[in-house]
Structure formats: structure tokens, C-alpha cells
Amino acid sequence: MGSLLLMREVSKQYKNGVNALHNIDLEVSPSEFVYIIGPTGSGKSTLIKLLDGEEKPSKGEVLVSGFNVGKLKHSKVPHYRRHIGVVFQDFKLLDSKTVFENIAFALEVVNTPRHKLRKRVREVLRLVDLVEKAQSFPRELSGGQQQRVAIARAIANKPSLLIADEPTGNLDPEKSKEIIQLLERINEEENTTVLMVTHDVDLVNTHKKRTIALDQGYLVADLQQGGYVQRK
């Protein structure tokens, strides 16, 4: 079984001189569920930007689903992004569209035939437990429900990799637990590789999975059995 994600000696230095990542070696297999944790300024955001093609590495290789992401021409990045899903902390939902339309939008932009689109949206609504909210607008939903819509939209195209950036950052502990359980279900039922970026150590220690820890741009731990003790 090959890697779904492979980073080899990846460093990132921004034009302002900030060294955000140093010699990162990381391999993630298909269908794995991995936490990326670390304090503010540890390099988590830069890692996501390298994986979704927003930034290029200063050195090293970033390979995802057969794409050499760092070598992609700007015009090819949208095509690559069809193979990954990204969930942001601030949801980025379209206020003027219903839940159904928000999810469908991800399929419309890649010209999915109408009958397949409707079938897939219904599938995803079932998966995220929002069938009864299909015709609601984002403003009519709770924060937890909005996060579920954002996740549903991110997996509509059946991405091989789902990157969840602080998906529980704005939620209370009970809702956070529900979101983790939803990501686990997507990981199991859709065989989607999940990379969850978080600073919630309690969550990481409760729902144990492989945990990658970053600190000041360095990969400082790769705990295969999960769980993490925050340094004092």
C-alpha cells in the first residue's frame, strides 16, 4: 500500500524571512486518521497551505494522491483541489443558498450531472445527519450544524484527503465530540484519509489516533498510538 500523502525534507521560508517549517518528513497512508497538533506559530497553517496548493515549499517535495503539489502550475491547482477537501474553522458557507444548495455547489463547479449531483447530496446529508435541514439556510442553523454542512460540502466530491482545520475551534465540548465522531464515520464509511489540525489536547487524548506534533516549525513527535501530554 503506497502513501496518500508524502512530504520529504520540506522546508518553508516566507519572503519576510520567517522560517515556518524545517525539514518535515511525513508519510500518511490511505484511510488513516491523523491529528496535527501544536501551539500557535508551530507551522500548522503553513502545512495546510502546502497541502492545498496555496503555497509552495522552499525545498523538498509535497506529494498528495499522485500530485506533486509543489510543482503544480497555478492553472492546475483547481483541478488538484477536486481530490482534496478542506474544512475551515469559519465554515465559509454561502448565506443565500440552502443547505442542499451549499453542498450541491461543490458538485456543480465540477459539472456533475444533475441526477448524480442530487443523489450524492442526499447521501452526504444522511452521513452528516442533516436530512431534515436540507432546505434551511445557514443563518437558521446552530454552529455545530453549520460545521456539519461545511464538512458535507468538503466531502461531496469524495476526496481522497480531507483536511479539517480546527473544526472544533468554535464549538463547545459536546459539539466538538459530535464533530470528531462524524469525521470518524467519514473516515470509516468513505475510506477518506482525515488530517485534523487542532490545538485541543483534551480531544486528542480522549479520541486517540496517530498524532503528529509540530513546534516552532519542527516535527517533534509522531505518536502512532495517539494521545499527547502537553509540556508544562
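Structure: see above.
Owing to the predicted nature of the structure, the values given are computational and were not obtained by experimental measurement.

(A) Region of interest: the overall build of the chain. Check the secondary structure of the chain and you find 7 helices and 10 strands. For 232 residues, the compact-globule formula gives about 17 Å, and the C-alpha radius of gyration of the chain, at 17 Å, lands near that figure. Its C-alpha atoms put the chain at 45 × 40 × 40 Å along the principal axes. Contacts spanning at least 24 positions in sequence make up 68% of the contacts within the chain whose residues lie at least 6 apart. Put simply, the chain shows about 11700 Å² of open surface, and 47% of that area lies on carbon and sulfur atoms. For the chain, the centre of its 34 positive side-chain charges and the centre of its 29 negative side-chain charges are spaced 6 Å apart.

(B) Main features of the pattern of salt bridges. According to the stated counting rule, one finds 12 salt bridges in the structure shown. In this structure, glutamate 190 engages arginine 120 in a salt bridge whose closest nitrogen and oxygen atoms are separated by 2.7 Å. Of this pair, glutamate 190 sits in the loop between α6 (173–189) and β8 (193–198) while arginine 120 sits in helix α4 (residues 114–127), and the two are 70 residues apart along the sequence. Classification of arginine 120 by relative accessible area gives buried; the value is 7%.

(C) Seen up close, the sheet that holds strand β9 (residues 210–215). Here 6 strands make up an open sheet; going across it, the order is β6-β7-β8-β3-β9-β10 and the pairing mixed. Two strands bound the open sheet, and with one partner strand each, they are β6 (84–87) and β10 (218–223). Ignoring strand direction, the axes of neighbouring strands in this sheet form an average angle of 15°. Here β6 runs beside strand β7 (residues 161–165); their pairing, made up of 4 bridges, is parallel. Of the residues in β7, the one forming a bridge with glycine 85 is leucine 162. The sheet contacts of helix α5 (residues 143–155) involve β6 and β7, and relative to β6 the element is tilted by about 165°.

(D) Layout of helix α1 (residues 44–51). Extensive coverage of α1 is indicated by the burial of 6 of its 8 residues. Glycine 53 lies just past α1 and shows a positive phi near 85°.

(E) Structural context of the nonpolar core. Core analysis: the biggest nonpolar cluster contains 42 residues, and Ile103, Val121, Leu125, Leu183 and Met196 have the highest contact counts within it. If you list the elements that add at least two residues to this core, you get β3 (33–37), α3 (99–108), α4, α5, β7, α6, β8 and α7 (201–206). When residues no more than four places from it in sequence are discounted, the contact partners of leucine 183 are Phe33, Ile151, Leu162, Ala164, Pro167, Val194 and Met196.

(F) Quick peek at the pairing of strand β1 (residues 5–13). Alignment of β1 against strand β2 (residues 19–28), held across 6 bridges, turns out to be antiparallel. Bridging from a neighbouring strand, leucine 6 pairs with glutamate 27 of β2. From the end of β1 to the start of β2, which pair antiparallel, there are 5 residues, and glycine 17 there has a positive phi angle of about 95°. The pairing of β1 with strand β4 (residues 59–64) spans 5 bridges and is antiparallel.

(G) The arrangement of the pairing of β8 in detail. With respect to burial, β8 is a largely interior element, 6 of its 6 residues being buried. Of the two faces of β8, the one lined by Thr193, Leu195 and Val197 and the one lined by Val194, Met196 and Thr198 are each fully buried. Both β3 and β8 contribute to a ladder of 5 bridges, which runs parallel. Along β8, the bridge assignment pairs isoleucine 37 with threonine 198.

The rules we used
- Residues numbered from 1 in each chain as written.
- Predicted model: local features only at pLDDT ≥ 70, side-chain atom pairs only at ≥ 80, totals over all residues.
- Heavy atoms only, no water.
- Helix = DSSP H or I, 4+ residues; strand = E, 2+ residues; numbered from the N terminus.
- Rg over C-alpha atoms; globule rule 2.2 N^0.38 Å.
- Contact = heavy atoms within 4.5 Å.
- Areas by Shrake-Rupley, 256 points an atom, 1.4 Å probe, with all protein chains shown as cover.
- Lys, Arg positive; Asp, Glu negative; His and termini not counted.
- Charge placed at Lys NZ, Arg CZ, Asp CG, Glu CD.
- Salt bridge = Lys/Arg side-chain N within 4 Å of Asp/Glu carboxyl O.
- Buried < 20%, exposed > 50% of the residue type's maximum accessible area, 1.4 Å probe, protein only.
- Pairing = 2+ DSSP bridges.
- Axes fitted to C-alpha atoms, helices over the stretch in contact; angles between N-to-C directions.
- Core = buried A, V, L, I, M, F, W, Y, C linked by side-chain atoms within 4.5 Å.

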